[in-house]
Amino acid sequence: MASLTKSNLLTALDSLSRGNWFKLICGASYQHLPSIRNLALVYTLAGADCIDVAADKAVINSALEGIKVAQKISSEAIALGYKTHKNPLLMISINDGEDPHFRKAIFNPNQCLTNCTRPCESICPAEAITFNQINQGVIEELCYGCGRCIPICPVDIIETESKIVPAADVLQWLDIFPMDAIEIHTQEGHFEHFQAVWQTVKSYLPQLKLIAISCPYTTTVTEYLTKIYQLISPVEIPLIWQTDGRPMSGDIGDGTIHLTIKYAQQVKKMNLSGFIQLAGGTNEYTVQKLHSLHLIPEIVNGVAYGSKARKLIADTLHQLESICDHNQLELYPDLLWQGVQQARELVKPLKVQ
Ligand code: SF4
Ligand code: SF4
């Protein structure tokens with residue numbers, strides 16, 4: 001199973017100390033089970049330290065299945081020269097209020113313009129909007145809430161539905177799933193809600209290996225993080241501050257990385273206990289930029305990748321869909337190792353220092 005032994009925890013913490021911690025973000029609201037299974041499989045084989053998934057039992061099961069398959073074939077990966085991390089930490093994301101990571105786009109296709117060129121369909125990075133015989137509109141499990149479709153609709157009919165994940169519900173799953181870590185998504189203005197969530201999470205800390213706090217950037221975010229820090233200190237387990245610069249934008253281009261790096265530098269100056277890990281806009285240019293600024297490991301302990309990580313192996317997963325009607329990527333070794341090689345393009349620069 002994917003549960004964490006003491007030595008695996010040490011390995012994961014060692015990655016944080018070295019500044020080469022790699023986290024795969026499957027998406028706090030992404031629920032496409034075949035993709036989640038295979039993302040977990042491929043990125044475990046590619047050397048990820050942590051797999052971060054939505055608070056959904058079916059999603060957790062799928063991620064665990066992917067990790068388990070990777071564990072079974074890890075010796076093949078090692079023989080092929082991949083440094084796999086056999087037991088990546090399993091992290092579950094929860095939120096303390098409205099948050100773009102925890103929403104789905106929604107619209108009624110009957111209200112669409114009859115002659116619309118469907119820019120919503122072409123802009124969606126998750127291929128979550130389709131108009132065909134099977135589906136008209138948003139495919140719920142594929143949408144991860146990026147919001148790019150919303151401003152592009154000429155008649156403004158795309159709305160979002162948000163979800164708040166109750167911390168107590170999720171933490172009870174510790175009895176049935178080997179969950180290693182919880183990530184709390186918060187943002188300025190949510191302090192009272194964060195306090196309530198923390199009260200719940202705090203009592204479960206002895207059962208967790210790691211806790212992460214994710215907050216999007218604003219010009220006054222350090223004041224908010226100071227309040228959070230005063231509330232939670234001291235934290236008796238390892239803590240990660242996730243500097244979510246430009247959320248869900250890593251697949252757009254190289255310019256998206258600057259904000260999360262600037263944010264990490266600001267957080268470092270605050271001298272908070274804990275590790276600092278980038279997210280929000282991270283992509284294949286991130287590690288090179290971090291090295292050029294000499295930020296690893298002095299300031300940055302790790303990097304999380306979401307949109308970019310999913311996009312990198314999307315073609316491989318499409319190829320799998322086109323040749324079979326199941327999700328077992330491991331039954332097609334050429335495709336599996338092609339996917340691992342693609343994932344490794346993102347993992348390797350961080351791991352080779
Ligand atoms: S563009 Fe983003 S918000 Fe809109 S449907 Fe696609 S994933 Fe969902
Ligand atoms: S852009 Fe708006 S009107 Fe056009 S297809 Fe999409 S949702 Fe319908």
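Keep in mind the model is a prediction, meaning the values are calculated, not measured.

Student: I'd like a rundown of the overall build of the protein, residues and numbers included.
Tutor: Secondary structure summary: the protein contains 13 helices and 12 strands in total. Over its C-alpha trace the protein gives a radius of gyration of 20 Å, about what one expects of a compact globule, namely 20 Å for 353 residues. Along the three orthogonal principal directions, the C-alpha set of the protein runs to about 60 × 50 × 45 Å. Element-wise, carbon and sulfur atoms account for 50% of the exposed surface of the protein, whose accessible area totals about 15,400 Å².

Student: Describe in detail the site of ligand 2, supporting the description with residues and values.
Tutor: With respect to spatial proximity, 13 residues lie near ligand 2, and among them Cys 112, Cys 116, Arg 118, Cys 120 and Cys 153 are the closest. Of the residues in the shell around ligand 2, the class split is 12 nonpolar, no polar and 1 charged.

Student: So, the pattern of salt bridges: which residues are in play, and what are the values?
Tutor: Throughout the structure, instances matching the rule amount to 8 salt bridges. The residue Asp 49 makes a salt bridge to Lys 351 at a minimum N-O spacing of 2.6 Å. Of this pair, Asp 49 sits in the loop between α2 (33–46) and β2 (50–54) while Lys 351 sits in helix α13 (residues 333–351), placing them 302 residues apart in sequence. A relative accessible area of 24% places Lys 351 in the partly exposed class. In this structure, the salt-bridge partner of Lys 308 is Glu 284, at a minimum N-O distance of 3.5 Å. With Lys 308 in helix α11 (residues 307–312) and Glu 284 in the loop between β11 (275–279) and α10 (286–292), this residue pair connects regions lying 24 residues apart in the sequence. What makes Lys 308 buried here is its relative accessible area of 13%. One continuous salt-bridge network, built from bridges that share partners, spans Lys 23, Asp 52 and Glu 183.

Student: Go over the nonpolar core with me, naming the residues and quoting the values.
Tutor: If you look at the biggest cluster of nonpolar residues, it comprises 112 residues, and the most contacted ones within it are Tyr 43, Val 53, Val 201 and Ile 211. Those residues in contact with Ile 211 that sit more than four places away from it in its chain are Ile 182, Ile 184, Trp 198, Val 201, Leu 205, Val 235, Ile 237, Pro 238, Leu 239 and Ile 240. Of all hydrophobic cores here, the second largest spans 11 residues; its members include Ala 12, Leu 13, Met 91 and Leu 210.

Student: A description of the packing of aromatic side chains should follow, citing residues and the corresponding values.
Tutor: Applying the stated criterion to the full structure yields 8 aromatic pairs. Ring centres of Phe 22 and Tyr 43 lie 5.9 Å apart, and the angle between their planes is 15°; on these two criteria the pair is classed as stacked. Linking Phe 22 in strand β1 (residues 21–25) with Tyr 43 in helix α2, this pair joins segments that are 21 residues apart in sequence. We classify Phe 22 as buried; its relative accessible area is 0%. Arranged with centres 6.2 Å apart and planes meeting at 10°, the rings of Phe 194 and Trp 198 form a pair that is stacked. Of this pair, Phe 194 and Trp 198 both sit in helix α7 (residues 191–204), 4 residues apart, which is roughly one turn of the helix. The pair Phe 194 / Trp 198 is uniform in exposure class, with both members buried. Here a set of aromatic residues connected by ring pairs shows up, and it is made of Phe 22, Tyr 43 and Tyr 305. The aromatic ring of Tyr 144 is capped on one face by Arg 310, whose charged end is 4.1 Å from the ring centroid.

About the thresholds
- Residues numbered from 1 in each chain as written.
- Chains lettered and ligands numbered in written order.
- Predicted model: local features only at pLDDT ≥ 70, side-chain atom pairs only at ≥ 80, totals over all residues.
- Heavy atoms only, no water.
- Helix = DSSP H or I, 4+ residues; strand = E, 2+ residues; numbered from the N terminus.
- Rg over C-alpha atoms; globule rule 2.2 N^0.38 Å.
- Areas by Shrake-Rupley, 256 points an atom, 1.4 Å probe, with all protein chains shown as cover.
- Near = heavy atom within 4 Å.
- Nonpolar A, V, L, I, M, F, W, Y, C, P; charged D, E, K, R; others polar.
- Salt bridge = Lys/Arg side-chain N within 4 Å of Asp/Glu carboxyl O.
- Buried < 20%, exposed > 50% of the residue type's maximum accessible area, 1.4 Å probe, protein only.
- Core = buried A, V, L, I, M, F, W, Y, C linked by side-chain atoms within 4.5 Å.
- Contact = heavy atoms within 4.5 Å.
- Phe/Tyr/Trp six-rings, centres within 6.5 Å; stacked < 30°, edge-to-face > 60°.
- Lys NZ or Arg CZ within 6 Å of the ring centre and 35° of its normal.

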